[in-house]
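# Structural characterization, general
The lines below spell out each chain.
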Amino acid sequence: MKLSKLQSFIVSSNTHLKFLALVTLLLILGASYFQQQYSDGGTKVNPVPNRSRNRALIVPSKRAGEPPVLAYWIYGSSGDGQRIRRVLKAAYHPRNQYLLLLDASSSSDERADLALYVQSDPLFTAFDNVNVVGRSYAVNQMGGSGLAALLHASALLLKLSTTWDWFIPLSATSHYPLMTQDDILHAFTLLPRDLNFVHFANTSHEDQRVKQVVVDPSIYDTKTTPIFYGKQTRNAPNTFKILAGSPWVILSRSLLEFCVKGWDNFPRKLLMYMTNLASPLEFYFQTVICNSPAFHNTTIDSDLRYVMSQNDSLSNMGYSLIVARPLDDDDALLQEIDNNVLNRSADGVVPGKWCLKQKQNVTINGEIEDKWKWGDINSVEASPRGVKLGLTLSWLASQRVDVCQSRR
(Lines give C-alpha, C1' and ligand atoms only; values in the text may rest on other atoms or scores of the structure.)
Protein backbone atom coordinates (compact mmCIF):
# COMPACT_ATOMS: atom_id res chain seq x y z
CA MET A 1 0.00 0.00 0.00
CA LYS A 2 1.16 3.55 -0.67
CA LEU A 3 0.64 6.37 1.82
CA SER A 4 -1.04 9.49 0.51
CA LYS A 5 1.44 12.33 -0.06
CA LEU A 6 1.30 15.00 2.64
CA GLN A 7 0.85 18.51 1.37
CA SER A 8 3.40 21.10 2.41
CA PHE A 9 2.14 24.16 4.20
CA ILE A 10 3.98 27.43 4.56
CA VAL A 11 3.30 29.35 7.75
CA SER A 12 4.93 32.45 9.06
CA SER A 13 4.65 31.60 12.72
CA ASN A 14 7.37 29.40 14.27
CA THR A 15 4.79 28.10 16.72
CA HIS A 16 2.50 27.04 13.90
CA LEU A 17 5.40 25.43 12.08
CA LYS A 18 6.36 23.35 15.12
CA PHE A 19 2.74 22.35 15.63
CA LEU A 20 2.37 21.25 12.01
CA ALA A 21 5.63 19.32 12.20
CA LEU A 22 4.32 17.41 15.21
CA VAL A 23 1.01 16.67 13.48
CA THR A 24 2.85 15.50 10.35
CA LEU A 25 5.01 13.12 12.39
CA LEU A 26 1.94 11.66 14.10
CA LEU A 27 0.22 11.15 10.73
CA ILE A 28 3.21 9.32 9.30
CA LEU A 29 3.48 7.05 12.32
CA GLY A 30 -0.22 6.36 12.45
CA ALA A 31 -0.98 5.88 8.75
CA SER A 32 0.25 2.30 8.73
CA TYR A 33 -2.63 1.32 11.00
CA PHE A 34 -5.47 2.80 8.98
CA GLN A 35 -7.23 1.67 5.85
CA GLN A 36 -5.99 3.08 2.56
CA GLN A 37 -8.04 3.31 -0.61
CA TYR A 38 -6.89 2.28 -4.08
CA SER A 39 -7.36 4.66 -6.95
CA ASP A 40 -9.76 2.26 -8.67
CA GLY A 41 -12.66 3.89 -6.88
CA GLY A 42 -13.35 1.62 -3.98
CA THR A 43 -10.89 -1.21 -3.48
CA LYS A 44 -9.55 -1.02 0.07
CA VAL A 45 -7.13 -3.10 2.06
CA ASN A 46 -5.64 -2.89 5.52
CA PRO A 47 -1.87 -2.51 5.02
CA VAL A 48 0.90 -3.73 7.27
CA PRO A 49 4.57 -2.75 7.09
CA ASN A 50 6.10 -4.23 3.94
CA ARG A 51 9.75 -5.05 4.55
CA SER A 52 10.34 -5.77 0.85
CA ARG A 53 9.53 -2.23 -0.26
CA ASN A 54 13.15 -1.17 -0.01
CA ARG A 55 14.18 -4.12 -2.16
CA ALA A 56 13.86 -4.27 -5.94
CA LEU A 57 10.76 -6.16 -7.01
CA ILE A 58 11.32 -9.23 -9.18
CA VAL A 59 9.32 -8.70 -12.37
CA PRO A 60 8.63 -11.49 -14.89
CA SER A 61 10.16 -11.21 -18.33
CA LYS A 62 7.99 -11.60 -21.44
CA ARG A 63 10.57 -12.39 -24.11
CA ALA A 64 9.73 -14.72 -26.98
CA GLY A 65 9.55 -18.35 -25.90
CA GLU A 66 9.12 -17.54 -22.22
CA PRO A 67 6.04 -18.68 -20.29
CA PRO A 68 2.85 -16.59 -20.28
CA VAL A 69 1.44 -14.75 -17.29
CA LEU A 70 -1.89 -15.96 -15.89
CA ALA A 71 -4.36 -13.75 -14.02
CA TYR A 72 -6.34 -15.60 -11.36
CA TRP A 73 -9.49 -14.30 -9.73
CA ILE A 74 -10.21 -16.31 -6.55
CA TYR A 75 -13.49 -15.48 -4.83
CA GLY A 76 -15.63 -16.63 -1.94
CA SER A 77 -18.24 -15.63 0.63
CA SER A 78 -18.54 -15.46 4.40
CA GLY A 79 -16.37 -18.06 6.10
CA ASP A 80 -14.31 -18.77 2.95
CA GLY A 81 -11.16 -16.88 3.94
CA GLN A 82 -9.18 -20.01 4.82
CA ARG A 83 -10.25 -21.77 1.63
CA ILE A 84 -9.20 -18.74 -0.45
CA ARG A 85 -5.76 -18.94 1.18
CA ARG A 86 -5.49 -22.63 0.39
CA VAL A 87 -6.49 -22.20 -3.28
CA LEU A 88 -4.13 -19.21 -3.59
CA LYS A 89 -1.15 -21.20 -2.34
CA ALA A 90 -2.09 -24.21 -4.48
CA ALA A 91 -2.20 -21.99 -7.58
CA TYR A 92 0.63 -19.60 -6.74
CA HIS A 93 3.54 -18.77 -9.02
CA PRO A 94 5.62 -15.56 -8.96
CA ARG A 95 4.92 -14.89 -12.66
CA ASN A 96 1.17 -14.72 -12.23
CA GLN A 97 -1.27 -12.10 -10.96
CA TYR A 98 -3.89 -12.86 -8.28
CA LEU A 99 -6.99 -10.96 -7.21
CA LEU A 100 -8.90 -12.13 -4.12
CA LEU A 101 -12.52 -11.29 -3.30
CA LEU A 102 -14.72 -11.98 -0.31
CA ASP A 103 -18.21 -10.79 -1.24
CA ALA A 104 -20.58 -8.72 0.89
CA SER A 105 -21.76 -11.81 2.77
CA SER A 106 -18.44 -11.63 4.59
CA SER A 107 -17.68 -9.16 7.35
CA SER A 108 -15.25 -6.27 7.16
CA ASP A 109 -13.09 -8.13 9.70
CA GLU A 110 -12.88 -11.16 7.40
CA ARG A 111 -11.78 -8.98 4.50
CA ALA A 112 -9.28 -7.14 6.67
CA ASP A 113 -7.85 -10.44 7.92
CA LEU A 114 -7.39 -11.63 4.33
CA ALA A 115 -5.66 -8.37 3.37
CA LEU A 116 -3.36 -8.57 6.40
CA TYR A 117 -2.54 -12.18 5.56
CA VAL A 118 -1.40 -11.18 2.07
CA GLN A 119 0.47 -8.07 3.17
CA SER A 120 2.35 -9.91 5.93
CA ASP A 121 3.51 -12.85 3.81
CA PRO A 122 7.11 -12.22 2.63
CA LEU A 123 6.57 -14.30 -0.50
CA PHE A 124 3.60 -12.28 -1.73
CA THR A 125 5.19 -8.94 -0.84
CA ALA A 126 8.44 -9.84 -2.58
CA PHE A 127 6.70 -10.24 -5.94
CA ASP A 128 3.80 -7.84 -5.25
CA ASN A 129 1.42 -9.94 -7.35
CA VAL A 130 -1.45 -10.66 -4.93
CA ASN A 131 -4.19 -8.06 -4.42
CA VAL A 132 -7.33 -8.10 -2.27
CA VAL A 133 -10.64 -6.38 -2.95
CA GLY A 134 -11.43 -4.84 0.43
CA ARG A 135 -14.63 -2.92 -0.24
CA SER A 136 -16.92 -5.66 -1.42
CA TYR A 137 -20.42 -6.00 -2.86
CA ALA A 138 -23.20 -8.55 -3.10
CA VAL A 139 -22.66 -11.35 -5.61
CA ASN A 140 -25.15 -13.98 -6.76
CA GLN A 141 -23.70 -16.34 -9.35
CA MET A 142 -27.23 -17.05 -10.60
CA GLY A 143 -27.84 -13.41 -11.49
CA GLY A 144 -26.40 -10.37 -13.20
CA SER A 145 -24.33 -9.48 -10.13
CA GLY A 146 -22.22 -12.60 -10.71
CA LEU A 147 -21.41 -11.51 -14.27
CA ALA A 148 -20.74 -7.94 -13.10
CA ALA A 149 -18.32 -9.25 -10.46
CA LEU A 150 -16.35 -11.26 -13.04
CA LEU A 151 -16.11 -8.29 -15.41
CA HIS A 152 -15.09 -6.05 -12.51
CA ALA A 153 -12.36 -8.51 -11.54
CA SER A 154 -11.04 -8.62 -15.09
CA ALA A 155 -11.10 -4.80 -15.27
CA LEU A 156 -9.11 -4.56 -12.02
CA LEU A 157 -6.56 -7.07 -13.27
CA LEU A 158 -6.23 -5.17 -16.55
CA LYS A 159 -5.47 -2.08 -14.48
CA LEU A 160 -3.11 -3.81 -12.07
CA SER A 161 -0.94 -5.43 -14.74
CA THR A 162 -0.28 -4.95 -18.45
CA THR A 163 1.51 -8.27 -18.90
CA TRP A 164 -0.94 -11.10 -18.25
CA ASP A 165 -2.22 -13.29 -21.08
CA TRP A 166 -5.14 -15.39 -19.74
CA PHE A 167 -7.82 -14.83 -17.09
CA ILE A 168 -8.84 -17.80 -14.91
CA PRO A 169 -11.69 -17.45 -12.38
CA LEU A 170 -11.69 -19.88 -9.45
CA SER A 171 -14.40 -20.37 -6.85
CA ALA A 172 -12.70 -20.95 -3.50
CA THR A 173 -15.44 -23.38 -2.46
CA SER A 174 -15.64 -25.36 -5.71
CA HIS A 175 -12.30 -25.32 -7.55
CA TYR A 176 -8.85 -26.72 -6.90
CA PRO A 177 -5.83 -27.01 -9.24
CA LEU A 178 -5.13 -30.40 -10.77
CA MET A 179 -1.75 -29.37 -12.18
CA THR A 180 1.24 -27.47 -10.85
CA GLN A 181 1.73 -23.96 -12.19
CA ASP A 182 4.98 -25.07 -13.84
CA ASP A 183 2.98 -27.66 -15.77
CA ILE A 184 0.19 -25.23 -16.70
CA LEU A 185 2.61 -22.47 -17.72
CA HIS A 186 4.60 -24.94 -19.80
CA ALA A 187 1.47 -26.10 -21.63
CA PHE A 188 0.17 -22.57 -22.23
CA THR A 189 3.57 -21.40 -23.51
CA LEU A 190 2.92 -23.45 -26.64
CA LEU A 191 -0.48 -21.84 -27.38
CA PRO A 192 -1.57 -18.76 -29.36
CA ARG A 193 -2.18 -15.94 -26.90
CA ASP A 194 -5.63 -15.15 -28.36
CA LEU A 195 -7.01 -18.62 -27.59
CA ASN A 196 -10.09 -18.97 -25.33
CA PHE A 197 -11.32 -22.06 -23.48
CA VAL A 198 -15.12 -21.84 -23.47
CA HIS A 199 -17.49 -24.80 -23.49
CA PHE A 200 -20.58 -24.53 -25.70
CA ALA A 201 -23.81 -26.44 -25.13
CA ASN A 202 -26.75 -27.35 -27.32
CA THR A 203 -28.99 -24.31 -26.98
CA SER A 204 -32.21 -25.77 -28.39
CA HIS A 205 -33.62 -26.22 -24.89
CA GLU A 206 -32.56 -22.76 -23.69
CA ASP A 207 -35.33 -20.77 -25.43
CA GLN A 208 -37.53 -20.55 -22.35
CA ARG A 209 -34.64 -19.42 -20.19
CA VAL A 210 -33.88 -16.63 -22.63
CA LYS A 211 -37.50 -15.45 -22.60
CA GLN A 212 -37.94 -15.64 -18.83
CA VAL A 213 -37.41 -12.30 -17.08
CA VAL A 214 -35.60 -12.37 -13.72
CA VAL A 215 -34.47 -9.74 -11.24
CA ASP A 216 -31.25 -10.01 -9.24
CA PRO A 217 -31.61 -7.89 -6.07
CA SER A 218 -27.90 -8.39 -5.38
CA ILE A 219 -27.27 -5.71 -8.01
CA TYR A 220 -28.77 -3.07 -5.75
CA ASP A 221 -28.89 -4.68 -2.26
CA THR A 222 -26.00 -4.60 0.18
CA LYS A 223 -26.27 -8.35 0.87
CA THR A 224 -26.51 -11.32 -1.47
CA THR A 225 -30.19 -12.01 -2.20
CA PRO A 226 -31.84 -14.78 -4.27
CA ILE A 227 -33.06 -13.88 -7.74
CA PHE A 228 -36.79 -13.82 -8.40
CA TYR A 229 -38.77 -14.41 -11.58
CA GLY A 230 -41.12 -11.97 -13.23
CA LYS A 231 -44.63 -12.96 -14.28
CA GLN A 232 -44.25 -11.83 -17.87
CA THR A 233 -41.85 -13.13 -20.51
CA ARG A 234 -40.07 -11.36 -23.35
CA ASN A 235 -39.23 -12.26 -26.91
CA ALA A 236 -35.85 -13.70 -27.75
CA PRO A 237 -33.55 -11.11 -29.39
CA ASN A 238 -33.61 -10.92 -33.19
CA THR A 239 -30.49 -8.79 -33.74
CA PHE A 240 -28.12 -11.36 -32.27
CA LYS A 241 -28.21 -15.01 -31.33
CA ILE A 242 -27.94 -16.19 -27.74
CA LEU A 243 -25.66 -19.18 -27.11
CA ALA A 244 -25.08 -21.10 -23.89
CA GLY A 245 -22.53 -23.32 -22.21
CA SER A 246 -20.37 -23.64 -19.12
CA PRO A 247 -20.11 -20.64 -16.76
CA TRP A 248 -16.47 -21.57 -16.11
CA VAL A 249 -14.08 -20.13 -18.67
CA ILE A 250 -10.44 -19.34 -19.39
CA LEU A 251 -10.32 -16.14 -21.42
CA SER A 252 -7.64 -14.35 -23.40
CA ARG A 253 -6.64 -10.83 -22.53
CA SER A 254 -7.78 -9.64 -25.97
CA LEU A 255 -11.33 -10.96 -25.45
CA LEU A 256 -11.65 -9.35 -22.02
CA GLU A 257 -10.31 -6.02 -23.29
CA PHE A 258 -12.98 -6.23 -26.00
CA CYS A 259 -15.69 -6.81 -23.36
CA VAL A 260 -14.44 -4.35 -20.73
CA LYS A 261 -12.99 -1.40 -22.64
CA GLY A 262 -16.07 -1.03 -24.81
CA TRP A 263 -14.86 0.30 -28.19
CA ASP A 264 -17.48 -2.01 -29.73
CA ASN A 265 -20.98 -1.48 -28.35
CA PHE A 266 -22.15 -5.09 -28.56
CA PRO A 267 -20.61 -6.40 -25.28
CA ARG A 268 -22.16 -3.45 -23.44
CA LYS A 269 -25.61 -3.95 -25.01
CA LEU A 270 -25.43 -7.67 -24.25
CA LEU A 271 -24.54 -6.95 -20.63
CA MET A 272 -27.67 -4.80 -20.32
CA TYR A 273 -29.76 -7.63 -21.79
CA MET A 274 -28.16 -10.24 -19.52
CA THR A 275 -29.08 -8.26 -16.40
CA ASN A 276 -32.57 -9.84 -16.52
CA LEU A 277 -31.47 -13.33 -17.54
CA ALA A 278 -31.10 -16.28 -15.17
CA SER A 279 -27.51 -17.59 -14.97
CA PRO A 280 -26.03 -15.05 -17.41
CA LEU A 281 -22.55 -16.50 -16.87
CA GLU A 282 -23.75 -19.49 -18.88
CA PHE A 283 -24.55 -17.25 -21.86
CA TYR A 284 -22.46 -14.08 -21.95
CA PHE A 285 -19.06 -15.09 -23.32
CA GLN A 286 -20.46 -17.74 -25.67
CA THR A 287 -22.75 -15.06 -27.12
CA VAL A 288 -20.01 -12.42 -27.35
CA ILE A 289 -17.69 -14.81 -29.18
CA CYS A 290 -20.23 -16.00 -31.74
CA ASN A 291 -21.61 -12.54 -32.48
CA SER A 292 -18.17 -10.97 -32.92
CA PRO A 293 -16.44 -12.22 -36.10
CA ALA A 294 -12.93 -11.42 -34.83
CA PHE A 295 -13.29 -14.14 -32.16
CA HIS A 296 -15.00 -16.91 -34.15
CA ASN A 297 -11.90 -19.03 -34.59
CA THR A 298 -10.23 -18.33 -31.25
CA THR A 299 -12.02 -20.88 -29.09
CA ILE A 300 -11.50 -24.44 -27.91
CA ASP A 301 -14.78 -26.03 -26.86
CA SER A 302 -13.64 -26.95 -23.35
CA ASP A 303 -13.47 -25.20 -19.98
CA LEU A 304 -10.53 -27.43 -18.83
CA ARG A 305 -12.45 -28.34 -15.65
CA TYR A 306 -12.83 -31.88 -14.39
CA VAL A 307 -16.25 -32.48 -12.81
CA MET A 308 -15.87 -34.72 -9.80
CA SER A 309 -18.31 -37.51 -9.03
CA GLN A 310 -18.88 -39.29 -5.75
CA ASN A 311 -16.03 -41.64 -4.80
CA ASP A 312 -13.90 -40.30 -7.66
CA SER A 313 -10.14 -40.89 -7.77
CA LEU A 314 -7.05 -39.24 -9.20
CA SER A 315 -6.61 -42.02 -11.73
CA ASN A 316 -9.79 -40.90 -13.52
CA MET A 317 -8.71 -37.32 -14.08
CA GLY A 318 -6.37 -37.74 -17.04
CA TYR A 319 -3.91 -35.13 -18.31
CA SER A 320 -6.01 -32.65 -20.30
CA LEU A 321 -7.80 -30.76 -17.49
CA ILE A 322 -6.25 -28.32 -15.04
CA VAL A 323 -8.93 -27.70 -12.38
CA ALA A 324 -11.23 -30.04 -10.45
CA ARG A 325 -14.70 -29.16 -9.18
CA PRO A 326 -16.50 -29.42 -6.84
CA LEU A 327 -14.37 -30.31 -3.81
CA ASP A 328 -15.17 -29.81 -0.12
CA ASP A 329 -12.45 -28.48 2.13
CA ASP A 330 -12.45 -31.69 4.19
CA ASP A 331 -12.46 -33.93 1.14
CA ALA A 332 -9.74 -36.58 1.42
CA LEU A 333 -9.16 -36.25 -2.33
CA LEU A 334 -8.09 -32.64 -1.79
CA GLN A 335 -5.27 -33.78 0.46
CA GLU A 336 -4.38 -36.50 -2.04
CA ILE A 337 -4.04 -33.87 -4.77
CA ASP A 338 -1.77 -31.82 -2.49
CA ASN A 339 0.41 -34.80 -1.65
CA ASN A 340 0.62 -36.69 -4.94
CA VAL A 341 0.06 -34.09 -7.68
CA LEU A 342 1.04 -30.66 -6.39
CA ASN A 343 3.68 -31.84 -3.88
CA ARG A 344 2.39 -29.12 -1.58
CA SER A 345 3.00 -29.23 2.16
CA ALA A 346 0.48 -28.03 4.72
CA ASP A 347 0.10 -24.24 4.36
CA GLY A 348 2.89 -24.24 1.78
CA VAL A 349 3.04 -23.19 -1.85
CA VAL A 350 3.69 -25.54 -4.76
CA PRO A 351 7.44 -25.83 -5.51
CA GLY A 352 8.65 -25.21 -9.05
CA LYS A 353 11.56 -24.14 -11.20
CA TRP A 354 11.50 -20.81 -9.46
CA CYS A 355 13.20 -22.80 -6.65
CA LEU A 356 11.58 -21.55 -3.53
CA LYS A 357 13.83 -22.05 -0.50
CA GLN A 358 13.08 -20.82 2.98
CA LYS A 359 15.28 -20.50 6.03
CA GLN A 360 13.38 -19.75 9.20
CA ASN A 361 14.15 -17.07 11.79
CA VAL A 362 17.00 -15.11 10.21
CA THR A 363 17.94 -11.87 11.97
CA ILE A 364 17.98 -8.94 9.53
CA ASN A 365 18.62 -5.38 10.77
CA GLY A 366 17.88 -6.52 14.29
CA GLU A 367 14.52 -8.05 13.35
CA ILE A 368 13.67 -11.73 13.03
CA GLU A 369 12.06 -12.67 9.75
CA ASP A 370 12.01 -15.47 7.20
CA LYS A 371 14.74 -15.49 4.57
CA TRP A 372 13.69 -16.42 1.05
CA LYS A 373 15.69 -17.36 -2.03
CA TRP A 374 14.33 -17.31 -5.55
CA GLY A 375 15.29 -19.21 -8.66
CA ASP A 376 14.47 -18.27 -12.23
CA ILE A 377 10.81 -17.20 -12.45
CA ASN A 378 11.09 -16.91 -16.25
CA SER A 379 11.49 -20.62 -16.87
CA VAL A 380 9.47 -23.64 -15.84
CA GLU A 381 10.19 -27.32 -15.43
CA ALA A 382 7.32 -29.50 -16.58
CA SER A 383 6.58 -32.91 -15.11
CA PRO A 384 5.44 -35.80 -17.35
CA ARG A 385 1.86 -34.65 -16.61
CA GLY A 386 2.70 -31.16 -17.84
CA VAL A 387 4.33 -32.48 -21.01
CA LYS A 388 1.21 -34.52 -21.78
CA LEU A 389 -0.99 -31.51 -21.06
CA GLY A 390 1.08 -29.40 -23.42
CA LEU A 391 0.84 -31.97 -26.21
CA THR A 392 -2.92 -32.30 -25.72
CA LEU A 393 -3.64 -28.57 -25.70
CA SER A 394 -1.34 -27.94 -28.67
CA TRP A 395 -3.16 -30.63 -30.63
CA LEU A 396 -6.55 -29.15 -29.71
CA ALA A 397 -5.34 -25.71 -30.77
CA SER A 398 -4.10 -27.01 -34.13
CA GLN A 399 -7.40 -28.81 -34.77
CA ARG A 400 -9.73 -26.04 -33.64
CA VAL A 401 -12.53 -24.95 -35.91
CA ASP A 402 -15.04 -22.13 -35.89
CA VAL A 403 -17.23 -23.30 -32.99
CA CYS A 404 -19.86 -20.75 -33.96
CA GLN A 405 -20.39 -21.94 -37.53
CA SER A 406 -22.73 -24.82 -36.67
CA ARG A 407 -24.59 -22.66 -34.16
CA ARG A 408 -25.50 -19.72 -36.37
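Note that this is a predicted model, so its numbers are computed, not measured.

## Comments concerning the overall build of the protein chain
- Each helix and strand in the protein chain was counted, giving twelve helices and 16 strands.
- In the protein chain, which comprises 408 residues, the proportion classed as buried is 50%.
- Taking contacts inside the protein chain between residues at least 6 apart in sequence as the whole, the part at least 24 apart equals 76%.
- For the protein chain, the exposed area adds up to about 20,100 Å²; of that, 53% sits on carbon and sulfur atoms.

## Examining unusual backbone geometry
- Even without glycine at this site, Ser279 takes up a positive phi of about 55°.
- Along the chain, Ser279 falls in the loop between α9 (266-274) and α10 (284-290).
- Using a relative accessible area of 6% as the deciding quantity, one classes Ser279 as buried.
- Positioned with a positive phi, Asn343 is a non-glycine residue whose angle comes to about 55°.
- Its location among the elements puts Asn343 in the loop between α11 (332-342) and β15 (357-364).

## As for the confidence of the model for the protein chain
- For the protein chain, the mean per-residue pLDDT works out to 82, and 79% of the residues sit at or above 70.
- Predicted confidence is poor over residues 360-364, with pLDDT under 50, and the contacts of this stretch with residues over four places away or in other chains come to eleven contacts.

## As for the sheet that holds strand β4 (residues 97-102)
- One open sheet holds the five strands; their spatial order is β5-β4-β3-β6-β11, and the pairing between them is mixed. Looking along the sheet, the strands with just one partner apiece sit at the ends: β5 (130-133) and β11 (251-252).
- One ladder, built from six bridges, connects strand β3 (residues 70-76) with β4; its direction is parallel. Opposite Ile74, over in β4, you have Leu100 as the bridge partner.
- Each of β3, β4, β5 and β6 (166-171) touches helix α2 (residues 81-90); the most contacted strand, β4, lies at about 170° to it.

## Here's the deal with the pairing of β6
- Here β6 lies mainly inside the structure; six of its six residues are buried.
- Burial along β6 is two-sided: the face carrying Trp166, Ile168 and Leu170 and the face carrying Phe167, Pro169 and Ser171 are both buried.
- In the sheet, β6 pairs with β11 via two bridges, with the strands oriented antiparallel. Across the sheet, residue Trp166 finds its bridge partner in β11, namely Ser252.

## Quick notes on the nonpolar core
- Counting residues in hydrophobic clusters, the biggest one holds 61 residues, and the most contacted among them are Tyr72, Ile74, Tyr92, Leu100, Phe188, Phe197 and Ile337.
- With five residues, α11 is the single largest residue contributor to this core.

## Some words on the packing of aromatic side chains
- This structure, assessed with the given rule, holds 13 aromatic pairs.
- Here the aromatic rings of Phe240 and Phe266 are separated by 5.3 Å at their centres, their planes lie at 75°, and the arrangement is edge-to-face. With Phe240 in the loop between β10 (228-233) and β11 and Phe266 in helix α9, the pair connects residues that are 26 residues apart, well separated along the chain.
- Residue Phe266 is classed as buried on the basis of its relative accessible area of 13%.
- Where Phe240 meets Tyr273, the ring centres are 5.9 Å apart and the plane angle is 90°; that geometry is what we call edge-to-face.

## What about α9?
- Those residues of α9 not exposed but buried are Phe266, Pro267, Leu270, Tyr273 and Met274. Summarising the axial view, the buried residues of α9 lie within an arc of 115°, below the 170-degree limit, and thus occupy one face.

## Regarding helix α12 (residues 384-399)
- Taking 1.5 Å of rise per residue, 16 residues should cover 22 Å, and α12 covers 23 Å from first to last C-alpha, within 8% of that figure.
- When we look at burial in α12, the residues that qualify are Gly386, Leu389, Gly390, Leu393 and Ala397. Each buried residue of α12 lies within a common arc of 100° when the element is viewed along its axis, so the set occupies one face. Facing away from the buried surface of α12 by more than 90 degrees, the exposed residues are Pro384, Leu391, Trp395 and Ser398.

## Brief notes about the sheet that holds strand β7 (residues 176-177)
- The three strands lie next to each other as β7-β14-β13, forming an open sheet whose pairing is mixed. The open sheet terminates on both sides in strands that have one partner only, identified here as β7 and β13 (305-307).
- Summarising the sheet, β13 and strand β14 (residues 323-325) pair through three bridges and their orientation is parallel. Across the sheet, the residue bridging to Tyr306 is Ala324, located in β14.

## Things to note about the packing of α2 against helix α3 (residues 108-119)
- Taken N-terminus to C-terminus, the directions of α2 and α3 make an angle of 30°; their axes are 10 Å apart at the nearest point. With respect to their mutual orientation, α2 and α3 come out roughly parallel. As α2 packs across α3, the resulting crossing turns out to be right-handed. Where α2 abuts α3, its residues Gly81, Ile84, Arg85 and Lys89 lie against Asp113, Leu114 and Tyr117.
- A breakdown of the residues in the contact of α2 with α3 according to their chemical character gives three nonpolar, one polar and three charged.

## What about the packing of helix α5 (residues 144-160) against helix α8 (residues 253-261)?
- Running from N to C, α5 and α8 point in directions that differ by 110°, and their axes come no closer than 10 Å. Relative to α8, α5 is oriented roughly perpendicular. The interaxial crossing formed by α5 with α8 has left-handed handedness. Contacts between α5 and α8 involve Leu151, Ser154, Ala155 and Leu158 on the former and, on the latter, Arg253, Leu256, Glu257, Cys259 and Val260.
- Along the lines of polarity and charge, the residues of the contact of α5 with α8 split into six nonpolar, one polar and two charged.

Criteria and thresholds
- Residues numbered from 1 in each chain as written.
- Predicted model: local features only at pLDDT ≥ 70, side-chain atom pairs only at ≥ 80, totals over all residues.
- Heavy atoms only, no water.
- Helix = DSSP H or I, 4+ residues; strand = E, 2+ residues; numbered from the N terminus.
- Buried < 20%, exposed > 50% of the residue type's maximum accessible area, 1.4 Å probe, protein only.
- Contact = heavy atoms within 4.5 Å.
- Areas by Shrake-Rupley, 256 points an atom, 1.4 Å probe, with all protein chains shown as cover.
- pLDDT = per-residue confidence, 0-100.
- Pairing = 2+ DSSP bridges.
- Axes fitted to C-alpha atoms, helices over the stretch in contact; angles between N-to-C directions.
- Core = buried A, V, L, I, M, F, W, Y, C linked by side-chain atoms within 4.5 Å.
- Phe/Tyr/Trp six-rings, centres within 6.5 Å; stacked < 30°, edge-to-face > 60°.
- Arc of directions from axis to C-beta.
- Expected span 1.5 Å × (residues − 1).
- Parallel < 35°, antiparallel > 145°, perpendicular 65-115°, else oblique.
- Left-handed = near helix turned anticlockwise from the far one by under 90°.
- Nonpolar A, V, L, I, M, F, W, Y, C, P; charged D, E, K, R; others polar.

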